[in-house]
Amino acid sequence: MKYTYPAIFEPDEGKIGVEFPDVKGCITYGDDMADALEMAKDCLEMMLAHYEDEGLAIPPASDIRTIQTPHVVSYVLADTDEWRRQMDSRAVKKTLTLPGWLNSKAEKAGVNFSQVLQDALKKLLNVSAPQAATV
């Protein structure tokens, strides 16, 4: 599901705090505005995915014009379906091909093909596995 909620961005001790007035407990921060926007999106997606998973009522989003604050207020788009895909750590079966001689050598060496492919892809893409989400 896609949702849009207003967020309040407030400078706080060299960082930027983010609060969603309509989603209780949905609070995060970033090192700068770009980081705060990214963290806000992730925090909102995680919280709303939790609401969906637990069958909790999704709170209605306020009209941004009704929020009275001296700080920056902006809408944040949350896509809980995309968030789940990014956090999904289930194994996915892939079929691949490689030369017979390389397969023979790797099998004799006891190579774990899945682990080698995972390690190589993480290195190539400069990524690590997502951390387990907790709410």
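That block above? That's the structure.
I will try to describe carefully the structure that is included in this document. As the structure is a prediction and not an experimental result, all values here were calculated from the model. (Residues numbered from 1 in each chain as written. Predicted model: local features only at pLDDT ≥ 70, side-chain atom pairs only at ≥ 80, totals over all residues. Heavy atoms only, no water.)

On the surface, Glu10, Asp12, Glu13 and Glu19 cluster together into a patch of negative charge. Tracing the sequence through the fold places aspartate 12 in strand S1 (residues 2–12). Overall, the relative accessible area of 45% leaves aspartate 12 in the partly exposed class. (Patch = residues over 30% accessible without salt bridge, like charges linked within 9 Å, V, L, I, M, F, W, Y side chains within 5 Å. Areas by Shrake-Rupley, 256 points an atom, 1.4 Å probe, with all protein chains shown as cover. Salt bridge = Lys/Arg side-chain N within 4 Å of Asp/Glu carboxyl O. Lys, Arg positive; Asp, Glu negative; His and termini not counted. Charge placed at Lys NZ, Arg CZ, Asp CG, Glu CD. Helix = DSSP H or I, 4+ residues; strand = E, 2+ residues; numbered from the N terminus. Buried < 20%, exposed > 50% of the residue type's maximum accessible area, 1.4 Å probe, protein only.)

A surface patch of nonpolar side chains, about 1,100 Å² in accessible area, is lined by Leu96, Leu98, Trp101, Leu102, Val111, Phe113, Val116, Leu117, Leu121, Leu124, Leu125 and Val127. Contributions of two or more residues to the nonpolar patch are made by helix H3 (100–108) and helix H4 (113–125). At six residues, the largest contribution of residues to the nonpolar patch is made by H4. Inspection of the secondary structure puts leucine 121 in helix H4.

Take the environment of threonine 28 next. Considering the arrangement of structural elements, one finds threonine 28 in strand S3 (residues 27–30). Taking the C-alpha atoms as reference points, threonine 28 and aspartate 42, 14 residues apart in sequence, are found 9.3 Å from one another. Setting aside chain neighbours within four positions, we find threonine 28 in contact with Ile16, Gly17, Val18, Met39, Ala40 and Cys43. (Contact = heavy atoms within 4.5 Å.)

Quick look at the side chain of aspartate 22 now. Turning to its location among the elements, aspartate 22 is positioned in the loop between strand S2 (15–19) and S3. Of the side chains bearing the opposite charge, arginine 65 lies closest to the buried aspartate 22, which forms no salt bridge; the N-O distance is 13 Å. If we ignore the near neighbours within four places in the chain, the residues touching aspartate 22 are Tyr5, Pro6, Pro59, Pro60, Ala61 and Ser62.

Moving on, we come to unusual backbone geometry. In most cases, non-glycine residues show a negative phi, while peptide bonds are predominantly trans. Even without being glycine, glutamate 13 reaches a positive phi, approximately 50°. Tracing the backbone through its elements, the reader meets glutamate 13 in the loop between S1 and S2. Non-glycine residue asparagine 126 carries a positive phi angle of around 55°. Tracing the sequence through the fold places asparagine 126 in the segment after H4. The exposed category is assigned to asparagine 126, whose relative accessible area is 70%.

This brings us to the pattern of salt bridges. Tallied over the entire structure, the rule returns six salt bridges. Linking lysine 41 and glutamate 45 is a salt bridge whose minimum nitrogen-to-oxygen distance equals 2.3 Å. Of this pair, lysine 41 and glutamate 45 both sit in helix H1 (residues 33–54), four residues apart, which is roughly one turn of that helix. By relative accessible area, which is 4% here, glutamate 45 ends up buried. Residues participating in the shared-partner salt-bridge network are Glu52, Asp53 and Arg84.

To continue, consider H1. In this model H1 runs 31 Å from its N-terminal to its C-terminal C-alpha over 22 residues, within 8% of the 32 Å that 1.5 Å per residue would give. Looking at H1, one finds that the buried residues are Ala36, Ala40, Cys43, Leu44, Glu45, Met47, Leu48, Ala49 and Tyr51. Tucked inside the fold, the buried residues of H1 contact S1, S2, S3, strand S4 (72–79) and helix H2 (80–87). By the N-cap criterion, in which a side-chain oxygen at the helix start approaches the backbone nitrogen of a residue two or three places on, H1 is capped by aspartate 32, the distance to alanine 34 being 3.3 Å. (Expected span 1.5 Å × (residues − 1). Polar contact = N/O pair within 3.5 Å; in protein donor to acceptor, adjacent residues only side chain to side chain.)

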